[in-house]
Amino acid sequence: MSAAAVVIAPFVGARALSLADVLAWGGKTGGARIFWELRLPRVLLAWFCGATLGLCGMIFQALFRNPLAEPTMLGVASGASFGAAFCIYMGWNVSLFGFSAMAASSFVGAFACVLALQCAAGLRPDREGATLLLAGVAFNFFFSSLVMILQYMGTYNDSFRLLRWTLGGIQVIGLGEALRLAPVFVLAAAVSFASARELDLLLCGPEMAVARGMELVRARRVLFLAVSFCVALSVAFCGPVAFVGLMVPHLCRLVVGSLHRNLAAASIFFGGAFLVLCDTASRTLWSPMELPVGIITSFLGAPFFLWLLLRK
Amino acid sequence: MLEVEGLCLSIGGREIVKDVSFRVERGEFLAVVGPNGAGKSSLLKCLNRVHPRWKGEVRLNSLPARRLSQKALARQMSYVPQSAGDIAGFTVRQFVEQGRYPWKGAFEAESAEDARIVEEALRLAKAEDLSGRFVESLSGGERQKVLIATALAQDAPLLLLDEPTAYLDYRSQAEVLELIRSIHGAEAPGGSAGRRTVLAVTHDLNFALQAAGRLIVLSEGRAVWTGKPGELVEPGLLERLFRTDFLRFEDAGSDVPFVVPAEFRNTKASGLRPGPAGDAVPCTPK
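J.: Got a minute to help me understand the pattern of salt bridges in this structure?
T.: Working definition: two side chains of opposite charge can pair if their charged atoms are close together. Tallying each qualifying case throughout the model produces 23 salt bridges over all chains. Ionic pairing is found between A:Arg42 and A:Asp279, a salt bridge with its closest N-O pair at 2.8 Å. Here A:Arg42 is found in helix H3 (residues 30–63), whereas its partner A:Asp279 is found in helix H13 (residues 260–284), with 237 residues between them in sequence. With respect to class, A:Arg42 is no different from A:Asp279; both count as buried. Here B:Lys104 and B:Asp114 are joined by a salt bridge, their closest N and O atoms 2.5 Å apart. Of this pair, B:Lys104 sits in the loop between helix H3 (92–97) and helix H4 (112–124) while B:Asp114 is found in helix H4, placing the two residues 10 residues apart along the sequence. Assessed through its relative accessible area of 4%, B:Asp114 is described here as buried.

J.: Looking at this model, I keep getting lost on the pairing of strand E4 (residues 54–60) of chain B. Mind explaining?
T.: Side chains on a regular strand alternate between the two faces of the sheet. Residue and element names in this part refer to chain B. Where strand E1 (residues 2–11) and E4 come together, six bridges link them in antiparallel fashion. For Leu 2, the partnering residue across the bridge sits in E4 and is Leu 60. The pairing of E4 with strand E5 (residues 63–64) spans two bridges and is antiparallel. Bridging across to E5, Leu 60 finds its partner in Leu 63. Here E4 hands over to E5 after two residues, with Asn 61 in that stretch at a positive phi of 50 degrees.

J.: Explain the sheet that holds strand E8 (residues 197–202) of chain B to me, please; I cannot follow it from the model alone.
T.: Hydrogen bonding along the main chain pairs the strands of a sheet, whether they run parallel or antiparallel. Residue and element names in this part refer to chain B. Taking strand neighbours across the sheet as the criterion, the six strands line up as E6-E7-E8-E3-E9-E10 in an open arrangement whose pairing is mixed. Every other strand in the sheet has two partners, leaving strand E6 (77–80) and strand E10 (222–227) as the edge strands with one partner each. Averaged over all adjacent pairs, the angle separating strand axes in this sheet is 20 degrees, with direction ignored. The sheet contact formed by strand E9 (residues 214–219) and E10 spans five bridges and is antiparallel. In the strand pairing of E10, Val 217 is matched with Trp 225.

J.: Please explain the interface of chain A and chain B as it appears in this structure.
T.: A common way to state how big an interface is: give the accessible area lost once the parts meet. Listed by partner, the interface residues are 22 residues for chain A and 34 residues for chain B. Across the interface of chain A and chain B, roughly 2,300 Å² is buried in total on both sides, 56% from carbon and sulfur atoms. Summed over the three residues of chain A that lose the most area to chain B, namely A:Arg197, A:Glu207 and A:Arg212, the buried surface amounts to 32% of that side. Where chain A packs against chain B, one counts three salt bridges. Across the pair B:Glu110 and A:Arg261 runs a salt bridge, and its minimum N-O distance is 3.5 Å. Scanning the region where chain A abuts chain B turns up 12 residue pairs in polar contact (both at pLDDT 80 or more). If you list the elements that add at least two residues to the side of chain A that touches chain B, you get helix H8 (176–194), helix H9 (196–203) and helix H10 (206–211) of chain A. Among the elements that take part in the side of chain A that touches chain B, H9(A) stands out by supplying five residues, more than any other. Counted by class, the side of chain A that touches chain B contains 12 nonpolar, two polar and eight charged residues.

J.: It is not clear to me how the domain arrangement of chain B should be interpreted in this structure. Could you clarify?
T.: Residues and elements named next belong to chain B. One can read the domain layout of chain B as domain 1 (2–227) and domain 2 (243–286). For the domain 1 and domain 2 pair, buried surface summed over both sides reaches about 490 Å², with 55% attributable to carbon and sulfur atoms. Looking only at domain 1, the three residues that lose the most surface to domain 2 are Asn 206, Leu 209 and Gln 210, adding up to 71% of its buried area. Viewed at the interface, domain 2 and domain 1 are joined by one salt bridge. Here Glu 220 ties to Arg 243 by a salt bridge, and the two come within 2.9 Å at their closest N and O atoms. At the boundary of domain 1 and domain 2, one finds two residue pairs in polar contact (both at pLDDT 80 or more).

J.: Would you mind showing me how to read the packing of aromatic side chains here?
T.: Aromatic rings considered in pairs are described by the distance between their centres and by the relative angle of their planes. Residue and element names in this part refer to chain A. Counted according to the given criterion, the structure contains 15 aromatic pairs over all chains. Pairing Phe 82 with Phe 143 gives two aromatic rings, centres 5.8 Å apart and planes at 50 degrees, and the pair type is tilted. With Phe 82 in helix H4 (residues 76–90) and Phe 143 in helix H6 (residues 128–153), this residue pair connects regions lying 61 residues apart in the sequence. Residue Phe 143 is classed as buried on the basis of its relative accessible area, which comes to 11%. Pairwise contacts between aromatic rings join Phe 82, Phe 86, Trp 92, Phe 139, Phe 142 and Phe 143 into one cluster.

Conventions and cut-offs
- Residues numbered from 1 in each chain as written.
- Chains lettered and ligands numbered in written order.
- Predicted model: local features only at pLDDT ≥ 70, side-chain atom pairs only at ≥ 80, totals over all residues.
- Heavy atoms only, no water.
- Salt bridge = Lys/Arg side-chain N within 4 Å of Asp/Glu carboxyl O.
- Helix = DSSP H or I, 4+ residues; strand = E, 2+ residues; numbered from the N terminus.
- Buried < 20%, exposed > 50% of the residue type's maximum accessible area, 1.4 Å probe, protein only.
- Pairing = 2+ DSSP bridges.
- Axes fitted to C-alpha atoms, helices over the stretch in contact; angles between N-to-C directions.
- Contact = heavy atoms within 4.5 Å.
- Buried area = accessible area lost by both parts, 1.4 Å probe.
- Polar contact = N/O pair within 3.5 Å; in protein donor to acceptor, adjacent residues only side chain to side chain.
- Nonpolar A, V, L, I, M, F, W, Y, C, P; charged D, E, K, R; others polar.
- Domains from an automatic or database assignment.
- Phe/Tyr/Trp six-rings, centres within 6.5 Å; stacked < 30°, edge-to-face > 60°.

This is how it looks when you write it as structure tokens:
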């Protein structure tokens, strides 16, 4: 399903493309350029982003033993939003090592938030998990208030640019962003498979995990920092795409069970395919207008969230 | 096998375990008994570092336990918690396989040897029939068997049991008692000759009296008495330790009594003679 989504999605859009259009290689025809320079990079970026968010959601749900945990909940998204808002407010428009100012600034905002959070949790090592979760919620509100201050002080144009960014979006030209996000996906996958047994143990509770031989505090810190790093970069490239990290692991768990080595593989393929399909819908359903992909994922995610809360 | 010297634990400024010292010999079954809040479970959790911030000295096979990594420690001692908590989503087989964790590297797959040890653990714990069921669908007694099977899959020579009969009905208590006796009687893993070493903490006096070879009584965090089960019949000792009166029932052919809190007795309905607090009541149940 995942491979089919990646293969078929670039042909679908405001202008349907045929194989002949695409194979008119040389980039001379409009169809080939749309395919190779716009749609394929976009589909690949969506796939890497969806797979990374799916894996990160899976890890967060095990890390906090909380079925409603998702990778952007601990201030990462609002930290990134603050970074983006600051960049817009300052009018920065430069490129740094191939990263746009907006992407670099939102990554710095997200990761600064993560490090501050880890320091706060480290002050209470006896109840690090709970402190991390609650401090994360507090950081979320704090950074959201900073974003609102910048929005209030900025121009209408700045406010609209920030609003547009917070809705998430995968508009790219060329393969640059997808190639930069690929190592992030590889890191998330490596961490997931290497820690699959630890994640299984974490689901059984800290007491059981330690008694089976897990270095709990170290494993938690490594997982939290690695996941947050991956999420921060995903958010920097695609904006805070909501609900993917929450929905994907739950749907996969219904199919493959709770064992994390299976769940990680399922989350990669389903997460990637899900965001590719949502992005294809976002640029096709209201064509020629495009909806931000975050709207589509939230539109599907909110009813799912309710179902999760209310199911027996 | 295990030496504990001057073990102290404080949580939130309150002393839970106070200067506790004892030894467990290889192949021994030692039970730590005491009332609720005596610090029994905390003592056990210090040994396997579920509580990491204790003071004192713990040695395993003459080596300081602090020098061992958590995985190395788990290869020496396995642990059966009071309950399986809210574990969900794993089949019994998948859950028992988690016991192999301290023996595996990050990307190392399960080997045929792991599968054999898991099968053996399920067989020893009499949980083979449960292996395809989900942990959340099990009864209390079945869960206890599965927790024991997971600890056995850890293949460690020392088995720590935290209140193994708590929350169980009488039939399940009897099954678990029999199971633990047979596990203690079985050969220790790792090629070491002799029986498995067991350290159990419990407030179930009859479980401790019937299963253990030696007892330590913990009261308000301190070890206040140690001896063999038969020596616990000393008049007034149990009453002082547990602050309640007991009736004792002798078992023909054994020096180990059964004990029942005197408050349990309905004097109108039973034919038992009420004895003065602390006195043994010679009575053989019919």
